[in-house]
Structure formats: C-alpha cells, structure tokens
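Fold and contact review
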Amino acid sequence: MLLSDLAGLCGAKEAWVGLVSDSQGVREERTAKGNYVIPEVRAAQLSDPVTPSLILITAPAAVGKTTAARYLSHTLKAPVLDLSTLHVGSNTLEGALWKSMGAGPSGRFVEEMKAGRATLIIDALDEAEIRSGQANFHAFLRGVAETAADMSGRPAMIMLSRAESARSLTDLFNERSIQYSHFEILPFGRTQAESYLDDRMAEVYTAAGKDAVHRRFVTPYEKARDTLFTLLSSVISDADSDIWGNPSVRDFLGYAPVLDVAAEFLAVDNFTTLHREFSSSGAAEGTAHWHLVAQVIDHLLVREQDKFVTQFTKTAEFEVIGDRRLSLALYTPEEQCTRLLDYVEKVSTPVELPAHLPERLRDAYEVAVSSQLVNHPFLRGSEWFNVIFRDYVTARSLASVNMGGDSGASIRSRLLSSEWKHSPMFAYFTHALTRVEGVPVSTCHSELFGALYESFKSMCVAGDTLHFTAGRTGNRLYSGFAVLSRRQENTSLTMGPLTFTSFEGTLSLTFPRELSHAEIYEVPEVMLGGEGSSFKFGPSVYIACQDLLVTAKDVQVFGTGDDSETPVLLNVSNLISDNVKIRIESTHLHILCDELSYPWSQYQKKLNPSALHSSAREASALYLEMRRIVLRFKDAKKGEAALYQPFVDNLIIGENRRARTALEFLESIGCVELRNSMYLLDLTEFAKLGISRPQLRELEMSPAVTSLSQRLFEFASRRR
C-alpha cells in the first residue's frame, strides 16, 4: 500500500488548529511539497481486528521519514511535534501542545484526538534520544503511552522513527497492552525512483543557476540514467533485464541518498557524452561503478555525522562545557567505521576520541554515540544492511591512518578467517580508497594481498580465471590482479589488471584457502592455510620465496585435466610444516629446496640447490623464469603461440626483473616477437634450443637446459 492509503485510516480535521507559537517544536505544514513521490509502506505488525490507537512508521536513515511527516501533516491538517528541536521529558507532549496552541485549543485538540477526530504526528524519535538522553527519552515515551491508552476510534497518533529507537516504544506498548499498527517505508520502486530523481536533478540544476536540461533532452537523459542504474546494480548482482525486481538491488537503488548522489552525477549539459563516459570509464579495469558506489557511501557517512553533530551540540552537557570548534571532529566517518566493525563483527579496536573533547564531556558523548550507532543506516538490527556497507566499512577502516598496530592486525586476521564470506566489494573498495589520484597503484598491508585474492576470486564464474602476481621490489611487495574470461570461444580481460603495493617493510603473504594461476617471486615469507583448514593448489602456481610456512592440516593439489597446464612449482629456501597430509590429484607438484623431509621429499626434483655456486643459482633462477613465461603461451596458428601483451607485462612479469630479462633474451634470439599488442612465440625457433615444452613442464635438467641457463646468465650480466 501507499503512504496515502495509510493516511486514510487516520482522523483528519476540516481546518487547521492554528498555532500561537511555532518555537515550541510544533508546526503545521500548510503548504504541500511540490512533486512529492508518495512511497510504498509494508505492514510489519497489525492490530486487527482491534482498531489501533496509533500508527508507528519506521524506516532506515535517510529514507524520507521527515518528508513523509510533512506530507501526512498537510493531508490530515495535523500538527507535527518535531522532537529533533526539543529536549524531551515526562510532560513534553502536553507542554509542547499547550505552549504552541494555547490552553483552550490544546485541550480541545487532545479531546478530539481521544475521539479519533484529529491526528498528531510525532517525528524524529531517534534524534530525541540523542539530544535528551535515555532517561528523559523513556520518561517521554511513558507519557505518550498514557495519552494513547485513552484513545478510541480512529488512530490519533502517527509516530515516525528509525527502527532501533522504536524498539523501546513497542516494548512499552506491548507491556501496557496498547493497540498499535507498525508500518515500514519501503525503498522506492523503479517508477518512484525515476520520479524522485527527476525532481532532485531539477533542484541541482536550479542551485547551479541552470535550466532543467534533462526535461528538454528526455531520450538521451533516460539512456544515461538507465546506464547509471545498471552500473550501480552490477555491484550487487549480474546484469538483469529487470534489475528492479531484485529486492537487494531495489534496497540500494531505491535508497534516497543513493539517488541524491546519482542526481549530482547526471546533472550535466550533455547526456550523450555522459553516457559514453559511463560506458567506457574504467572499462579496462572494470572499476567505474565501484568508485561511484564508494562516493555514495561516503556521502551517507558524512550525512550521518552532520545529523549527530546537530543533535549532540544541543545537549545540555555540550552547551555547558563544549566547544563548537569540535564539530568537525565528532563522529567522523572513520570513527563510525571503527565502531560499526566492533558492533557487528566484534573486532575490538580502540576508538580515537576527538583530541580536544573535554574529559567531563566524554561520558555524555559515549552515551549519545551508542544511541546513534544502533540506528546507523548501514545496519538492520545488529547485522549489516547488506554486504556493500560491510566491505566498505572494513576497507575504509584498514585505509585509516589510525588503524595500525594491533587494531589493523585484528581486522586482517578476521578477513583471513574461515568465518569471513568474501565478496568482490572489499577488493574494489580497497583499490578505490587507497589509490592516490593520478597514480595507478593502491597501497595496503602485504597481509591483505591474500584477502584481496579471496575477494577477487569470489567474482569469478564459470569460464573465468583470476590471475595473480606478487613480487618484491626494494622494501615493498607489488601485486597485480586480473580476471580472464573464456566463454563461447571468446577470450577477454574482464577485470584489471589492478595493481597494489604494500606498506614499506611489510613483506609477508598469507593465503588462507587456495591458490591457482599465481606467480610469486622473491618474497621473504609465504604462509599457506589458516585455522587448521585444508589448502588447495590449483594449476599454474609458481612460488619463489625464502620461507614457505604451511599451517594447513592438509594440502591438496588439483589439475584441470589439461596436459598443457603449468604445474605447481615451489622454489623455496626453507619449507616449514608440521604433520601435514598431502593429497595429489595431479602429478604436477614440483618442489625445489635444500632439505626436505617426508612427505614433501617425494615431490622434490633431483636438483640440489645447495651444491650450486652463486652464478649457477642465478642461472637456474633465470631459467625457471623463462620456463614459466614460455609455458604460459597458448597455441595460436601453425608454428606460433601467443599471449596478450598487457597481460604479460602487467601480470606474468610485473616488477620481476628476472622475468623481464628472460623475455628480453627470448626476443633477442628471435624466439619472441611483439606484434599488434601480442607477444608471439615462434615454436620453430624455440625448438632450435633443444628443449621441448613437455621437457620444460617436467623440469628435466638436460645438457640443453644447462647450456641455455648459462646463456641466460651471460645475457643478464651484459645488461647490468
């Protein structure tokens, strides 16, 4: 049903009461709001068959409760008691009416309410709780309950609040057997959202001193608008012909603050150009919509801060000892994120209170924040509204300068635990929030690379392959992520490559569950597994590191059944594990290490690294890099294999100096040629080296391999 249907259930007056004062929290909305989009409501609890004494309307933050109160006031000729402007207590209801209407009219109005011939609208219950404190707020609710107990006939009160603040009220009504019906305002549907967006854009244009261009160029505007809706909805689900039919998409796209930000994006002079930008911006990386969503969520956090500050600075405690210069430091987006993680995920992290907040004000501040937090727009009860907000809060917390040391470690540990259900959103938000403008690299702790891997992996569907590379450059690690899709004989890069670098001095990697299609080189420490779980190797994994720590209970190695797949190769100085079981679904597990005990020893190739002198070690390392590159090439036409040049440069090689040297060597001897954004491998020229690709795969150390390794070493020496 619509809100207008709900208004029809209540008592409407034929004329306004008339106010002698509008400074006591009571107002009359005598002017209708132009182009108001009447929202849908859903019954959460009905008092049928008994007629309710009052109606409770709840909605998440920013859904439009105050606008709904104005609409109801105008429709029913009903006064609005706006609690956002008052300090409430036990006699607030009667006192506010008496001061606003005068003694006689207020008494008559209350009698008409009790008979069901008039309605009072009470707005902003949640804000009253912050401003007045819980004790005074509960005293006010008891007064409301006493008044409601005397009512009969039609509902005579309509109360609007966020859901969490309404719980105290519903508990009290149930305790005193007061009949009420509870309705929830739903997010906009498609038609409502389009109408709301049209009005908001007109307001944006007017504020900029321009005409409403979208009403003159309707077709290109609607095309740009629908493309934007599709971009935003793709964050939540795959593209669908009816995106509004998905409840999760509707909850997000129909959320008024999301539409407010969309209006700012769409209010341009040329919609054709904007549509082209929406269609192409970030297409290579697949990130355009994620940056847009990050801006929307940031807008919500700032709005929530403004709302809290408005109420808290009017509390009695703040007015006595507070300093208005504190306003910008109160309930910041970073503080909100920290508190939300603690509230929902139970990640205990210390909250940085504003440095200049007086000691005597801190208890009052904590109480006010506790009241505000449970009504946060990112929450539904004690859980997240959706995974979008969870992942944004987590990524922003980790990007905060205050989230170092044990606090950051607690969140990273949570992300790498078996309890965390990954989505692509965390990785995209981390990329968006830690990227410096103009620099194509995002920065985070190296331990997050494993969480980013899990996050990007969760976006892959049948036919998709996530490719990951990581390596050391100086005192940092660099990593790259890309998704390659093979569907219906077509191959395309659907995401990335996205590049991340680690904080200075963070040089360890942790992968909790699995690893496939990965290249890791010159990393001091790699850890596989977590919380005693199994660890799964897929095909095409190369790890070259100092220490490989296996904490999983068992290691499983799987192949694809494709004989051309690149095996799993672990080239490590130390392999550390305890009581690990190994299950091999593929024969392609090779380990190079100085010393290995059972059960790892059966997978070690017959190459003794400790017997090699330094130059031979470097030659062997260069050969392994060349081997890794050659095995990546896929047969193209007769006598040639091919690889996409950006894929090679950004992922297979990246910052790996040995891999770059190996590729340049292959180019110098005529085995590899760059042509039209493709690296082409001449199979005939490569065969002249005396090494077949099957021999490369099996790591046969033949005389030809030894000779080629030496040539690689000499080539690298000349280039230094």
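Summarised in this report is the structure supplied together with it. (Residues numbered from 1 in each chain as written. Predicted model: local features only at pLDDT ≥ 70, side-chain atom pairs only at ≥ 80, totals over all residues. Heavy atoms only, no water.)

Considerations on the overall build of the protein
- Scanning the protein from terminus to terminus reveals 26 helices and 26 strands.
- Projected onto the principal axes, the alpha-carbon positions of the protein cover approximately 110 × 55 × 50 Å.
- When burial is assessed residue by residue, the protein has 54% of its 720 residues classed as buried.
- The contacts in the protein between residues at least 6 apart in sequence include a share of 70% that link residues at least 24 apart.
- When the accessible area of the protein is evaluated, it comes to approximately 30800 Å², of which 48% is carbon and sulfur surface.
- When the 73 positive and 89 negative side-chain charges of the protein are each reduced to one mean point, those points stand 2 Å apart. (Helix = DSSP H or I, 4+ residues; strand = E, 2+ residues; numbered from the N terminus. Buried < 20%, exposed > 50% of the residue type's maximum accessible area, 1.4 Å probe, protein only. Contact = heavy atoms within 4.5 Å. Areas by Shrake-Rupley, 256 points an atom, 1.4 Å probe, with all protein chains shown as cover. Lys, Arg positive; Asp, Glu negative; His and termini not counted. Charge placed at Lys NZ, Arg CZ, Asp CG, Glu CD.)

Details of the side chain of Gln192
- Tracing the backbone shows Gln192 in helix H8 (residues 190-207).
- When sequence neighbours within four positions are dropped, the list of residues in contact with Gln192 reads Leu2, Val37, Ile38, Pro39, Glu40, Pro187 and Arg250.

Focus on the environment of Phe647
- As for its position among the elements, Phe647 is in helix H22 (residues 645-653).
- The spacing of Phe647 and Ala267 is 380 residues in sequence and 37 Å in space, taken between C-alpha atoms.

Comments concerning the sheet that holds strand E25 (residues 672-675)
- An order of E23-E24-E26-E25 is seen for the four strands of this open sheet, with the pairing classed as antiparallel. Strands at the two margins of the open sheet, each flanked by one partner only, are strand E23 (634-635) and E25.
- Bridge count between E23 and strand E24 (residues 640-644): two bridges; the pairing is antiparallel. Paired with Lys634 across the bridge in E24 is Ala642.
- Across the sheet, H22 touches E24, E25 and strand E26 (678-682), and the angle it forms with E24 is around 65 degrees. (Pairing = 2+ DSSP bridges. Axes fitted to C-alpha atoms, helices over the stretch in contact; angles between N-to-C directions.)

Brief notes about the packing of H8 against helix H9 (residues 218-233)
- At a minimum axis distance of 13 Å, the contact between H8 and H9 shows a crossing angle of 120 degrees. Here H8 runs over H9; the crossing is right-handed. Counting all contacts with H8, which are made through Arg190, Glu194, Leu197, Asp198 and Met201, the residues of H9 involved are Tyr221, Arg225, Asp226 and Phe229.
- Partitioned by chemical class, the residues of the contact of H8 with H9 number four nonpolar, no polar and five charged. (Left-handed = near helix turned anticlockwise from the far one by under 90°. Nonpolar A, V, L, I, M, F, W, Y, C, P; charged D, E, K, R; others polar.)

A few points about the pattern of salt bridges
- Evaluation of the coordinates by the stated rule reveals 41 salt bridges.
- Between Glu112 and Lys13 there is a salt bridge, with its nearest N and O atoms 2.7 Å apart. On the criterion of sequence distance, the pair formed by Glu112 in helix H4 (residues 103-114) and Lys13 in the loop between helix H1 (3-7) and strand E1 (26-27) is long-range, its members being 99 residues apart.
- Its relative accessible area of 17% is what places Lys13 among the buried residues.
- Between Glu519 and Arg628 there is a salt bridge, with its nearest N and O atoms 3.0 Å apart. (Salt bridge = Lys/Arg side-chain N within 4 Å of Asp/Glu carboxyl O.)

Considering unusual backbone geometry
- Across the junction of Asp48 and Pro49, the peptide omega takes the value 5 degrees, indicating a cis bond.
- The amide bond that connects Tyr598 to the next residue, Pro599, takes the cis arrangement and shows omega of 10 degrees.
- Tracing the chain through its elements places Pro599 in the loop between strand E22 (589-592) and helix H21 (614-632).
- Of note, Lys346 is a non-glycine position whose phi angle comes to about 60 degrees, a positive value.
- With respect to the helices and strands, the residue Lys346 is situated in the loop between helix H15 (333-345) and helix H16 (359-373).
- Phi is positive for Glu522, close to 55 degrees, though the residue is something other than glycine.
- Here Glu522 lies in strand E16 (residues 518-528).

A word on H15
- Between its first and last C-alpha, H15 extends 17 Å over 13 residues, near the 18 Å set by a 1.5 Å rise per residue.
- Most of H15 is tucked away: 10 of the 13 residues are buried.
- Buried residues of H15: Pro333, Glu335, Gln336, Cys337, Thr338, Arg339, Leu340, Leu341, Val344 and Glu345, and no others.
- Lys346 sits one or two residues past H15 and shows a positive phi near 60 degrees. (Expected span 1.5 Å × (residues − 1).)

A short note on the sheet that holds strand E15 (residues 514-515)
- Across the sheet, four strands lie side by side as E15-E17-E19-E21; this open sheet has parallel pairing. Because the sheet does not close on itself, it has two edges, and the strands there are E15 and strand E21 (581-584).
- Bridge analysis of strand E19 (residues 554-557) against E21 gives four bridges, and the strand direction is parallel. Residue pairing for E21: Val557 is matched across the bridge by Ile584.

Digging into helix H17 (residues 387-399)
- Compared with an ideal rise of 1.5 Å per residue, which puts 13 residues at 18 Å, H17 spans 18 Å between its outermost C-alpha atoms and is within 8% of the ideal.
- Within H17, 11 of the 13 residues are buried, which leaves the element mostly enclosed by the surrounding structure.
- For H17, the N-terminal cap is Asn386; the gap from its side-chain oxygen to the backbone nitrogen of Ile388 is 3.1 Å. (Polar contact = N/O pair within 3.5 Å; in protein donor to acceptor, adjacent residues only side chain to side chain.)

As for the environment of Phe188
- Here Phe188 shows up in the loop between strand E7 (180-185) and H8.
- As a C-alpha pair, Phe188 and Leu681 span 493 residues in sequence and 56 Å in three-dimensional space.

Description of the nonpolar core
- Counting 147 residues, the largest nonpolar core has Phe308, Phe429, Phe511, Leu515, Ile520, Val526 and Phe537 as its most contacted members.
- If one sorts the elements of this core by residue count, helix H13 (residues 288-312) sits on top with 11 residues.
- When residues no more than four places from it in sequence are discounted, the contact partners of Val526 are Leu509, Phe511, Ile520, Ile543, Cys545, Asp547, Leu548 and Leu549.
- Of all hydrophobic cores here, the second largest spans 39 residues; its members include Ala544, Leu592, Ile691 and Phe715. (Core = buried A, V, L, I, M, F, W, Y, C linked by side-chain atoms within 4.5 Å.)

A look at the packing of aromatic side chains
- On inspection of all chains with the given rule, the structure shows 23 aromatic pairs.
- A centroid spacing of 5.7 Å and a plane angle of 85 degrees characterise the contact between Phe481 and Phe500, whose relative ring orientation is edge-to-face. With Phe481 in strand E12 (residues 476-487) and Phe500 in strand E13 (residues 490-502), the pair connects residues that are 19 residues apart, well separated along the chain.
- One aromatic cluster in this structure is built from Tyr428, Tyr453, Phe456, Phe468, Phe481, Phe500 and Phe511. (Phe/Tyr/Trp six-rings, centres within 6.5 Å; stacked < 30°, edge-to-face > 60°.)

Brief notes about the pairing of E19
- Burial along E19 is two-sided: the face carrying Asp554 and Gln556 and the face carrying Val555 and Val557 are both buried.
- Two elements, strand E17 (residues 535-537) and E19, share three bridges in a ladder whose sense is parallel. Across the sheet, the residue bridging to Lys536 is Gln556, located in E19.

A word on the side chain of Arg627
- For Arg627, the position within the fold is in helix H21.
- On the basis of relative accessibility, which here comes to 2%, the residue Arg627 falls in the buried class.
- Discounting chain neighbours no more than four positions away, the residues touching Arg627 are Pro567, Leu569, His590, Leu696, Arg697 and Leu699.

So, the state of the cysteines
- All told, the structure shown has zero disulfides when counted by the stated rule.
- There is no disulfide at Cys337, and the cysteine sulfur nearest it, in Cys444, is 17 Å away. (Disulfide = S-S within 2.5 Å.)

Examining the packing of H8 against helix H11 (residues 256-266)
- With their axes 9 Å apart at the nearest point, H8 and H11 run at an angle of 50 degrees to one another. In terms of their interaxial angle, H8 and H11 are classed as oblique. In this structure, the crossing between H8 and H11 has a hand that is right-handed. Contacts from Ala193, Tyr196, Leu197, Arg200, Met201, Val204 and Tyr205 in H8 reach Ala256, Leu259, Asp260, Ala262, Ala263 and Leu266 in H11.
- Of the residues that constitute the contact of H8 with H11, the class distribution is 11 nonpolar, no polar and two charged. (Parallel < 35°, antiparallel > 145°, perpendicular 65-115°, else oblique.)

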